[in-house]
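# Examining the three-dimensional arrangement
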Amino acid sequence: EGAVVRYQFVTRCWGEKVAARLQDAVATWAPDAIVMNSCLWDTTRYFDNEDESLADYLKNLDKLTDFLKSSGYKGMFLWYTCFPVSPKVNAALFGPMAREKQVAQIGQLSTMIPIANHLAAAVVRARGWDAVDFWRLALRDFEQRLDDGCHWSPKLHRRLTAQLATFLEHRFTEEKEGASRGLVGEVYQRGSKVTNNNATSSSIASDTGGRTS
């Protein structure tokens, strides 16, 4: 009751437009929470190879989280990781890459995304914010991934949104730090090590489209 939700679409985790939007938010309406994700466009649209893309992504994440600290923002910042991408992804957003013969980079996304997610969560945690691993949660529901190998069903989005809302509610109301851990799967708590990390090297290394327990 009385909640206001504002949505902004971004194609890069940091840049002039993102900086302007966050500056306006912090200065004019001071949101209680900022929930954010950006990964696929960051790691495919701006460089021609995986190494440069990942390095730029992490550098921009550092700028984003540094801004939030230096701006005096007092609310909660929650980063959520990118969902799994199929090795045979054919979503329309990758069309420009295919036309430019960057097919190999597209094919590497299924192995690069979990690495990017892990490193992004580490950057966010290092600045004292929280990150939720939606990638791991989505592994349980591969049947909810659409045929383009990238997007996911409304059903899965509704379920994860409900879990995210529950987590936010507990983070706002619980006095004890970390009391709500586990409400949305693997949560990287502020200032603590990763817990409940049961992923094997094989499940992190590739997305075969099968169910991972």
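Remember, it's a predicted structure, so these values are computed and weren't measured experimentally.

### As for the packing of aromatic side chains
Scanning all chains against the criterion turns up eight aromatic pairs. Geometrically, the ring pair formed by Tyr 80 and Phe 134 is tilted, given 4.9 Å between the ring centres and 40° between the ring planes. Of the two residues, Tyr 80 is situated in strand S2 (residues 76-80) and Phe 134 in helix H6 (residues 134-138); the sequence distance between them amounts to 54 residues. Overall, Phe 134 belongs to the buried group, its relative accessible area being 5%. With centroids separated by 6.1 Å and ring planes inclined at 35°, the aromatic side chains of Phe 142 and Trp 152 adopt a geometry described as tilted.

### Details of the pairing of strand S1 (residues 33-36)
Covered by surrounding structure in S1 are Ile 34 and Met 36 only, the residues Ala 33 and Val 35 on the alternate face being uncovered. Pairing between S1 and S2: four bridges, direction parallel. Looking at the pairing, Ile 34 lines up with Phe 77 of S2. Since S1 and S2 lie parallel, the crossover through helix H2 (residues 50-70) that links them has a hand, and here it is right-handed.

### Focus: the side chain of Asp 56
Locating Asp 56 in the fold gives a position in helix H2. Polar side-chain contacts of Asp 56 include one of 2.8 Å to the side chain of Arg 12. Residue contacts for Asp 56: discarding those within four places in its chain leaves Arg 12 and Phe 47.

### Some points on unusual backbone geometry
Look at Ala 30: it is not a glycine, yet its phi comes out positive at around 40°. Following the sequence through the fold, Ala 30 ends up in the loop between helix H1 (16-29) and S1.

### Comments concerning the packing of H2 against helix H5 (residues 109-126)
For the pair H2 and H5, the least separation of the axes is 10 Å and the interaxial angle reads 25°. It follows that H2 is roughly parallel to H5 by the angle criterion. The chirality of how H2 crosses H5 is right-handed. Between H2 and H5, the residues in contact are Glu 50, Leu 54, Tyr 57, Leu 58, Leu 61, Asp 62 and Thr 65 and Met 112, Ile 115, Ala 116, Leu 119, Ala 120, Val 123 and Val 124, respectively. Along the lines of polarity and charge, the residues of the contact of H2 with H5 split into 11 nonpolar, one polar and two charged.

### Structural notes on the pattern of salt bridges
The full count for this structure, using the stated rule, is five salt bridges. Between Asp 56 and Arg 12 there is a salt bridge, with the nearest N and O atoms lying 2.8 Å from each other. Of this pair, Asp 56 sits in helix H2 while Arg 12 sits in the segment before H1; the two residues are 44 residues apart in sequence, bridging distant segments of the chain. Taken together, the shared-partner salt bridges connect Asp 62, Asp 66 and Arg 127 into one network.

### Looking at H1
Given a rise of 1.5 Å per residue, 14 residues ought to cover 20 Å, and the 20 Å separating the end C-alpha atoms of H1 matches this to within 8%. When we look at burial in H1, the residues that qualify are Val 18, Ala 19, Leu 22, Ala 25 and Val 26. Taken around the axis of H1, the buried residues stretch over an arc of 130°, which confines them to a single face. In H1, the exposed residues that point more than 90 degrees away from the buried face are Glu 16, Lys 17, Ala 27 and Thr 28. Of the surrounding elements, those touching the buried residues of H1 are S1 and H2. Looking one or two places after H1, you find Ala 30, whose phi comes out positive at around 40°.

Cut-offs and rules
- Residues numbered from 1 in each chain as written.
- Predicted model: local features only at pLDDT ≥ 70, side-chain atom pairs only at ≥ 80, totals over all residues.
- Heavy atoms only, no water.
- Phe/Tyr/Trp six-rings, centres within 6.5 Å; stacked < 30°, edge-to-face > 60°.
- Helix = DSSP H or I, 4+ residues; strand = E, 2+ residues; numbered from the N terminus.
- Buried < 20%, exposed > 50% of the residue type's maximum accessible area, 1.4 Å probe, protein only.
- Pairing = 2+ DSSP bridges.
- Right-handed = clockwise from strand over helix to strand, strands pointing away.
- Polar contact = N/O pair within 3.5 Å; in protein donor to acceptor, adjacent residues only side chain to side chain.
- Contact = heavy atoms within 4.5 Å.
- Axes fitted to C-alpha atoms, helices over the stretch in contact; angles between N-to-C directions.
- Parallel < 35°, antiparallel > 145°, perpendicular 65-115°, else oblique.
- Left-handed = near helix turned anticlockwise from the far one by under 90°.
- Nonpolar A, V, L, I, M, F, W, Y, C, P; charged D, E, K, R; others polar.
- Salt bridge = Lys/Arg side-chain N within 4 Å of Asp/Glu carboxyl O.
- Expected span 1.5 Å × (residues − 1).
- Arc of directions from axis to C-beta.

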